[in-house]
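# What the coordinates show
Residues per chain, in single letters:
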Amino acid sequence: MNQVVSSLSPALAEYANDASRVLDAPPRFLELLPIAIYACDADGRIRWFNRRAVTLWGRTPRVGDDEERFCGSYKLYHLSGHPMPHAETPMAHVLKTGTSVDGKEVTIERPDGSRATAMVHIDPIHDADGHLLGAVNCFHDITEVKRAEEKLRESERRFRGLLEALPAAIYTTDAAGRITFYNEAAAELWGHRPELGESEWCGSWRLYSPDGRPMPHDECPMAVALKENRSVRGEEAIAERPDGARVPFIPYPTPLRDATGMLVGAVNMLVDITDRKRAEERQKALLDELNHRVKNTLATVQSLASQTIRGADVPKGVREAFERRLLALSRTHDHLTRARWESADLEAILHDIFAPYQGDAGRNETEGRIRLEGEPVKLKPKPALTLAMVLHELATNAAKYGSLSASGGVLTVSWVVIDGEAGCGLRIEWQESGGPAVKQPQRRGFGSRLLERGITKELKGSAQISFDPAGVRCCMEMPV
Amino acid sequence: MSEPLSADGLKILVVEDETIISFLIEDMLQELGCAVVWHAGDVREALALLRDRRPDVAVLDVNLGRELAYPIAAQLDAARIPFIFATGYGRDGIPDEWASRPVIQKPFAIETLAAALDSVLRT
């Protein structure tokens with residue numbers, strides 16, 4: 001529409017070979033065009049106008065009247081709202097300077113008080129000698145367009161106001177990663193204000209990975225989201241402010257696509273996790289302190305036993321047996337501590353128990369004699385501690401009398417998690433072979449009692465041990 | 001099942017704030033054949049001791065009540081005296097600067113202490 005209009009008035013001016021003809025008699029087809037049009041003589045007196053001009057003005061001006069020159073409207077205003085005297089209209093300007101005005105916007109007020117916004121295109125008309133004869137103004141109603149633009153701006157303002165009001169740090173970029181918007185919370189988190197349209201990927205001063213290594217801006221999660229056109233979740237980063245303060249945060253970068261699915265930018269929300277990190281550190285410090293005390297208490301017990309046994313008439317192996325039990329308990333604590341006292345891995349526990357029998361450099365023949373077979377299983381603290389002690393007793397027994405006491409003996413520990421009706425159950429099989437012929441023990445020792453009460457009563461499981469002459473067999477089941 | 005140990009005739013500094021535990025470590029070291037065991041219960045005492053005497057190796061408890069043993073570690077490092085950490089925290093509790101040093105976790109068996117001493121004395 002704009003193009004039609006702006007190309008129309010020069011055409012009309014050209015049409016004026018006999019220029020005075022244009023001013024005197026307008027082409028009849030102007031009534032058919034979807035635009036308003038009028039002409040003034042060199043003094044600004046209106047010579048003619050079409051029906052659409054009358055509609056836009058809301059009145060019919062008097063042709064050739066000295067009293068209403070330059071424009072047929074009742075009142076005119078700049079878009080800013082300031083009044084525009086008729087003598088300062090674009091038409092007056094064209095007649096004064098002899099140059100065209102193309103695409104100027106003005107507000108027309110009609111006698112009934114209603115207003116319309118118009119875009120005007122004015123071209124001067126000259127005679128063959130170059131004398132200014134007048135000008136033609138093509139103008140059209142852009143009120144609806146302006147209203148839609150204003151509505152869009154309003155919606156944008158509301159949208160931004162909404163984002164500004166959120167306590168979460170939010171920013172957007174275009175498809176190339178240039179920052180197009182950020183809210184107050186983002187500026188606060190970053191500790192500075194990035195340059196809109198200039199800063200790229202992230203508005204932070206400097207970025208680091210959670211492990212403290214510098215993270216280039218073009219490798220940050222937002223850059224990944226834009227470059228790979230996908231949402232990035234589960235990442236963490238640290239923003240450094242210009243003052244050196246560091247803020248750990250979780251980003252939620254999400255690509256933005258237009259109606260056709262084309263990537264047009266991305267939005268990112270940054271969640272400050274300083275408080276959470278602090279709480280985690282406090283919890284770790286507490287757990288460290290607790291662990292330190294527990295370990296020192298165990299070491300104190302170890303020392304007390306050692307001081308008690310020294311000098312007393314006690315067989316040599318007693319202290320060693322006691323220490324091994326104490327250390328087995330302590331090492332299971334270590335596994336649980338590493339997982340914040342939530343769980344311990346069964347295979348890791350077994351590796352610790354067999355470490356004295358596998359790691360001994362002088363005993364190469366034991367390699368491959370201990371076989372551990374099973375999927376990774378996480379044990380809760382209570383089953384982990386009880387089971388570790390039971391397995392420790394079985395291992396000690398195997399090293400003293402069983403398959404680990406003679407070359408050629410083999411020990412296999414296999415386990416499987418069974419999905420039953422009453423929940424998950426762990427089944428562990430302990431199988432020795434190739435050792436000296438097994439004899440039924442004379443009395444029930446600590447190991448047997450622990451197996452019986454610890455597994456069946458404490459862990460609500462079941463345990464059978466058989467002293468088969470070919471090798472000890474033990475089968476345990478317990479809920480996990 | 002213990003290997004032949006290389007602690008024979010060594011002078012050792014033990015820094016441990018808990019008396020009963022220090023007995024255990026001293027007894028173990030004597031059992032391993034160490035000639036002299038010097039004991040310090042805190043950082044000040046350990047640094048004072050290091051001004052007059054030069055041990056062959058040191059065993060440092062990391063958490064000495066209200067203070068940590070790292071100033072002693074720095075002093076030993078400057079004097080090129082090897083040392084091991086003995087701690088309830090395990091390796092996770094050691095800051096990066098010292099993380100490459102041998103750590104034994106309390107409570108420990110005599111074999112573990114011997115192996116750790118062996119590893120620092122050999123390098």
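Scroll up to find the structure.
One structure accompanies this document, and this report is about it. (Residues numbered from 1 in each chain as written. Chains lettered and ligands numbered in written order. Predicted model: local features only at pLDDT ≥ 70, side-chain atom pairs only at ≥ 80, totals over all residues.)

This part takes up the interface of chain B and chain A. Listed by partner, the interface residues are 17 residues for chain B and 20 residues for chain A. Per element, the largest residue contribution to the side of chain B that touches chain A is 5 residues, and it comes from helix α1 (residues 19-31) of chain B. Tallied by class, residues from the side of chain B that touches chain A come to 8 nonpolar, 5 polar and 4 charged. (Contact = placed C-beta atoms within 7 Å. Helix = DSSP H or I, 4+ residues; strand = E, 2+ residues; numbered from the N terminus. Nonpolar A, V, L, I, M, F, W, Y, C, P; charged D, E, K, R; others polar.)

With that out of the way, let us pick up the nonpolar core. Residue and element names in this part refer to chain B. With 37 residues, the main nonpolar core has I12, V15, A58, V59 and L60 as its most contacted residues. Listing elements by their share of this core, those giving two or more residues are β1 (11-15), α1, α2 (43-52), β3 (57-61), α3 (70-78), β6 (83-87) and α4 (110-122). Residue contacts for V59: discarding those within four places in its chain leaves I12, V14, I25, I84 and A86. (Core = buried A, V, L, I, M, F, W, Y, C linked by C-beta atoms within 7 Å. Buried ≥ 20, exposed ≤ 12 C-beta atoms within 10 Å, placed from the backbone.)

All right, on to the packing of helix α9 (residues 317-338) of chain A against helix α11 (residues 381-400) of chain A then. All names here are of chain A. Packing of α9 against α11 brings their axes to within 10 Å, and their N-to-C directions diverge by 145°. The chirality of how α9 crosses α11 is right-handed. Residues R324, R325, A328, L329, T332, H335 and L336 of α9 form the contact with α11, whose own contacting residues are P381, A384, L385, A388, M389, H392 and T396. Residue composition of the contact of α9 with α11, by class: 8 nonpolar, 4 polar and 2 charged. (Axes fitted to C-alpha atoms, helices over the stretch in contact; angles between N-to-C directions. Left-handed = near helix turned anticlockwise from the far one by under 90°.)

As a further point, take the sheet that holds strand β6 (residues 132-141) of chain A. Residues and elements named next belong to chain A. Pairing is antiparallel across the open sheet formed by 6 strands, whose spatial order is β2-β1-β6-β5-β4-β3. Looking at which strands have only one partner, the edges of the open sheet turn out to be β2 (46-49) and β3 (75-77). Adjacent strand axes in the sheet meet at a mean angle of 35° when their direction is disregarded. (Pairing = 2+ DSSP bridges.)

What follows is about unusual backbone geometry. The residue after K106(B), namely P107(B), is reached through a cis peptide bond having omega -15°. By secondary structure assignment, the location of P107(B) is in the loop between β7 (103-105) and α4. Not every positive phi belongs to a glycine, and W201(A) is a case in point at roughly 70°. Checked against the element boundaries, W201(A) lands in the loop between α6 (184-190) and β9 (206-208). When the 27 C-beta atoms within 10 Å are taken as the criterion, W201(A) is described as buried. Unusually for a residue other than glycine, N229(A) sits at a positive phi of about 50°. By the secondary structure assignment, N229(A) is in the loop between α7 (221-227) and β10 (237-240).

Now for the environment of L60(B). All names here are of chain B. Inspection of the secondary structure assignment puts L60 in strand β3. Judged by local crowding, L60 falls into the buried class, with 25 C-beta atoms found within 10 Å. Leave out the neighbours within four places in its chain, and L60 touches V15, A69, I72, A73, F83, F85 and A86.

Let us look at the pairing of strand β2 (residues 36-40) of chain B. Residue and element names in this part refer to chain B. Taken together, the 5 bridges between β1 and β2 define a ladder with parallel strand orientation. From the neighbouring strand, K11 faces β2, where its bridge partner is V36. After leaving β1, the chain enters α1 and then returns to the sheet as β2, a path that is right-handed. (Right-handed = clockwise from strand over helix to strand, strands pointing away.)

A few words now on the environment of H140(A). All names here are of chain A. Note on placement: H140 falls in strand β6. The exposure class of H140 is buried, given the 22 C-beta atoms found within 10 Å. Spatially, the C-alpha atoms of H140 and I35 are 5.5 Å apart, while their sequence positions differ by 105 residues.

Once that is clear, we can look at the sheet that holds β7(B). All names here are of chain B. Read from one edge to the other, the open sheet built from 5 strands follows the order β2-β1-β3-β6-β7, with strand pairing classed as parallel. Lying at the two open borders of the sheet, with one neighbouring strand each, are β2 and β7. Strand-to-strand twist across the sheet, computed as the mean angle between neighbouring axes with direction ignored, equals 20°. With 3 bridges joining them, β6 and β7 adopt parallel strand pairing. Bridging from a neighbouring strand, A86 pairs with I104 of β7. The sheet contacts of α4 involve β3, β6 and β7, and relative to β6 the element is tilted by about 150°.

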